[in-house]
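Read off the chains here:
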Amino acid sequence: MTEMLLRYFRTKQKEAQTEKIYDTQCPFCSMQCKMQLIEQSTVTRKKYQTVGKDNPTSEGRLCIKGLNAHQHAVHTDRIKQPLLNVDGEFQAISWEKAYALIEEKFSAIQSEHGKNALSVYGSATITNEEAIYLESLLEWHLERSILITMAAYVCLQLHQQQRKHLGWTGGSQIV
Ligand code: SF4
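Computed from a predicted model, the values in this text were never measured in an experiment. (Residues numbered from 1 in each chain as written. Predicted model: local features only at pLDDT ≥ 70, side-chain atom pairs only at ≥ 80, totals over all residues.)

Asker: How would you explain the overall build of the chain if you had to name every residue and give the values?
Answerer: The secondary structure content of the chain amounts to 6 helices and 7 strands. Counting all 175 residues of the chain, 12% fall into the buried class. Sequence-distant contacts, at least 24 apart, represent 46% of the contacts inside the chain between residues at least 6 apart. (Helix = DSSP H or I, 4+ residues; strand = E, 2+ residues; numbered from the N terminus. Buried ≥ 20, exposed ≤ 12 C-beta atoms within 10 Å, placed from the backbone. Contact = placed C-beta atoms within 7 Å.)

Asker: An account of the environment of C26 is requested, with residue identities and associated values reported.
Answerer: Positionally, C26 belongs in the loop between β1 (18-25) and β2 (34-41). What makes C26 buried here is the crowd of 23 C-beta atoms within 10 Å. In the structure, C26 is positioned 44 residues away from H70 in sequence and 8.7 Å away in space, judged by C-alpha atoms. In this structure C26 touches Q32, C33, M35, L62, G66 and A69, once residues within four positions along its chain are discounted.

Asker: Quick one: what's the story with the sheet that holds β1, residue by residue and with numbers?
Answerer: Read across the sheet, 3 strands follow the order β1-β2-β3 without closing on themselves; strand pairing throughout is antiparallel. Strand pairing shows two members of the sheet lacking a second neighbour, β1 and β3 (46-52), which therefore form its edges. Across the sheet, the mean angle from the axis of one strand to that of its neighbour is 20°, orientation sign disregarded. Bridge count between β1 and β2: 8 bridges; the pairing is antiparallel. Bridge pairing links D23 to Q36 in β2. (Pairing = 2+ DSSP bridges. Axes fitted to C-alpha atoms, helices over the stretch in contact; angles between N-to-C directions.)

Asker: Got a sec to walk through the pairing of strand β5 (residues 89-92)? Specific residues and values, please.
Answerer: Relative to β5, strand β4 (residues 83-86) runs antiparallel, the two being bridged by 4 bridges. Pairing of V86 across the sheet is with E89, part of β5. What sits between the antiparallel neighbours β4 and β5 is a turn of 2 residues, in which D87 has the positive phi angle 50°.

Asker: Tell me about helix α4 (residues 95-113), and please be specific about residues and values.
Answerer: The end-to-end C-alpha distance of α4 is 27 Å, a good match for the 27 Å that 19 residues give at a rise of 1.5 Å each. Taking burial as the measure, the 19 residues of α4 include 0 buried ones, a minor fraction of the element. Looking at the residues trailing α4, positive phi occurs at G114, about 95°. (Expected span 1.5 Å × (residues − 1).)

Asker: Requested: an account of the environment of F106, with residues and values cited.
Answerer: Looking at the element boundaries, F106 is found in helix α4. Sequence separation between F106 and H141 is 35 residues, and the spatial gap between their C-alpha atoms is 9.7 Å. Not counting residues up to four positions away in its chain, the partners in contact with F106 are L118 and L142.

Asker: Could you give me a rundown of the nonpolar core, with the residues and numbers involved?
Answerer: Formed by C26, F28, C29, M31, C33, M35, L62 and A69, the largest nonpolar core amounts to 8 residues. Excluding residues that lie within four positions of it along the chain, L62 makes contacts with C26, C33, M35, T50, G52 and L67. (Core = buried A, V, L, I, M, F, W, Y, C linked by C-beta atoms within 7 Å.)

Asker: Describe unusual backbone geometry, with residues and values.
Answerer: Unusually for a residue other than glycine, E59 sits at a positive phi of about 55°. Its place among the elements puts E59 in the loop between β3 and α2 (64-67). Accessibility expressed as a C-beta count within 10 Å gives 14 for E59, which makes it partly exposed. Phi angles above zero are rare outside glycine, and D87 is one such case at about 50°. Within the secondary structure, D87 is located in the loop between β4 and β5.

What follows is the structure, encoded as structure tokens:
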């Protein structure tokens, strides 16, 4: 009986084991190296692995950050909703409340110190759509016109030096 049950559960486990492959790109720097995220599911858990995907810029290579990029998304401590610091303790709040608080505090800062008291720092890895949202936040809501995306420049320099001295690069979509 035990043997029969074990065989049954092992068969079910094998049936439930699946592997999905997602074509994607590393989100960490402006090189945006192409990669595949492999998700292996068993009955009780999921395992992830990233591998570089061949492309003209990074030639299929990933740096150590890219190889571990997925770990931020699947980490159990990942923050998934806004937290408000109340007397040193972080309390989860709704997005509506968070936006209302941000608007209130931004308005108070600009009323007291002028429009130039606020600006926006945008990462080199934001999408075109996110850049447009940031720009409209600046221009229409904060009435500023400076958007800083410093990381793009830093990464570009890094990869140009890699190509020059090592003969290969993680690749760049900027050059
Ligand atoms: S160079 Fe590294 S961090 Fe930058 S996109 Fe490629 S894998 Fe990601």
